[in-house]
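Chain residues, written in single-letter form:
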Amino acid sequence: MADAPSNTFTLQGSCHCGAVRLTLPSMPETAISCNCSLCRRVGGVWAYYPFGTVTIEGHPENTTDYVWGDKTLRTIRCKHCGSVTHWEPTSGELGARHGVNLNNFDPSLSASVLVRHFDGADTWSFID
Ligand SMILES: [Zn+2]
């Protein structure tokens, strides 16, 4: 631990079984924990990137998705182990907002990110 550079983290993560692998383009500065009806069940901690900038291997061949509400995004999970890895815009528009679940990465990465709490269930604002 003492030998590891304190400011570098692996930007690679994967679902539990490894069929879906993600590589972030950069270290996230903040992430969002949301209490909406879906996020509280999924338990995701979301970091945002422009769609198209995160390298995702094993998707879509090893994934399945879920679309709800206003149908603007699809929540993606591994079809083998069920881990929710990310969500992406249903439009597929490059550069649109895209969320990656940091819980699929080394705990030292998410521990170094400021996690903001978002009230997606009610006021649609930050509650921290
Ligand atoms: Zn998996």
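Residues numbered from 1 in each chain as written. Predicted model: local features only at pLDDT ≥ 70, side-chain atom pairs only at ≥ 80, totals over all residues. Heavy atoms only, no water.

Details of the nonpolar core
So the rule is basically this: The set of buried Ala, Val, Leu, Ile, Met, Phe, Trp, Tyr and Cys residues whose side-chain atoms join them within 4.5 Å is what this entry labels a nonpolar core. Only protein chains enter the calculation, and the probe is 1.4 Å; a residue is then buried if its accessible area is under 20% of its type maximum, exposed if over 50%, and partly exposed in between. Here, two residues are considered to be in contact whenever any of their heavy atoms come within 4.5 Å of each other.
Counting 17 residues, the largest nonpolar core has L24, V54, V100, L102 and F105 as its most contacted members. With residues up to four places along the chain from it excluded, the contact list for V54 reads L22, T23, L24, P25, Y49, H98 and V100. C39, W46, W87 and F118 belong to the second largest nonpolar core, which has nine residues in total.

As for the environment of R77
This is how the line gets drawn: Segments assigned H or I by DSSP are reported as helices when at least four residues long, segments assigned E as strands when at least two residues long, and all are numbered from the N terminus.
On the secondary structure map, R77 appears in strand β7 (residues 73-78). The exposure class assigned to R77 is partly exposed, which follows from its relative accessible area of 32%. Along the backbone, R77 and G18 are 59 residues apart, and their C-alpha atoms lie at a distance of 12 Å. Leaving out residues up to four positions away in the same chain, R77 has contacts with N62, T63, T64, D65, Y66, G82, S83, V84 and T85.

Re the coordination of the zinc ion
What counts here: For Na, K and Ca the donor cutoff is 3.2 Å, while for all other metals N, O and S atoms count as donors only within 2.8 Å; water does not appear among the atoms, so some sites may look incomplete. Key to geometry: four donors with every angle between 85 and 135 degrees are tetrahedral; four donors are square planar and six octahedral where opposite donors lie over 155 degrees apart and all remaining angles lie between 65 and 115; all other sites are irregular.
Bound to the zinc ion are the protein donor atoms C15 (SG), C17 (SG), C78 (SG) and C81 (SG), situated 2.3 to 2.4 Å from the metal. If you look at the zinc ion, its four donor atoms make angles of 106 to 116° with each other, and the shape they trace is tetrahedral. Look at where the donors of the zinc ion fall in the sequence and you get C-x1-C-x60-C-x2-C. Of this pair, C17 sits in the loop between β1 (12-14) and β2 (21-23) while C78 sits in strand β7, and the two are 61 residues apart along the sequence.

Remarks on the pattern of salt bridges
Convention followed: Here, a salt bridge means any side-chain nitrogen of Lys or Arg that lies within 4 Å of a carboxyl oxygen of Asp or Glu.
On inspection of all chains with the given rule, the structure shows four salt bridges. Its salt-bridge partner being R74, residue D65 comes within 2.8 Å of it at the nearest N-O pair. You can call D65 partly exposed: its relative accessible area is 33%. Since its relative accessible area comes to 24%, R74 is described here as partly exposed. Through salt bridges with shared partners, one network takes in D65, R74 and E88.

Thoughts on the UniProt feature "domain: CENP-V/GFA" (unreviewed entry) in the chain
Which entries qualify depends on this criterion: UniProt positions are given in the numbering used here, feature names are shortened, and annotations may be inferred rather than shown by experiment.
Per the UniProt record, "domain: CENP-V/GFA" (unreviewed entry) is annotated on residues 11-125. This span, residues 11-125, is 8% helix and 40% strand, and a straight line between its end C-alpha atoms measures 28 Å.

Quick word on the packing of aromatic side chains
The condition is simple: Any pair of Phe, Tyr and Trp rings, taking the six-membered ring for Trp, is counted once the centres come within 6.5 Å. Such a pair is stacked with planes under 30 degrees apart, edge-to-face with planes over 60 apart, and tilted for the rest. Put simply, a charge is over a ring when the Lys NZ or the Arg CZ is close to the ring centre, within 6 Å, and near the line of the ring normal, within 35 degrees.
Overall, the coordinates contain three aromatic pairs when judged by the stated rule. Clustering of aromatic rings is evident, with ring pairs tying together F118, W124 and F126. Just above the ring of Y48 sits the side chain of R97; from NZ or CZ to the centre is 4.0 Å. Seen from the ring of F126, R116 lies directly overhead, with NZ or CZ sitting 4.0 Å from the centre.

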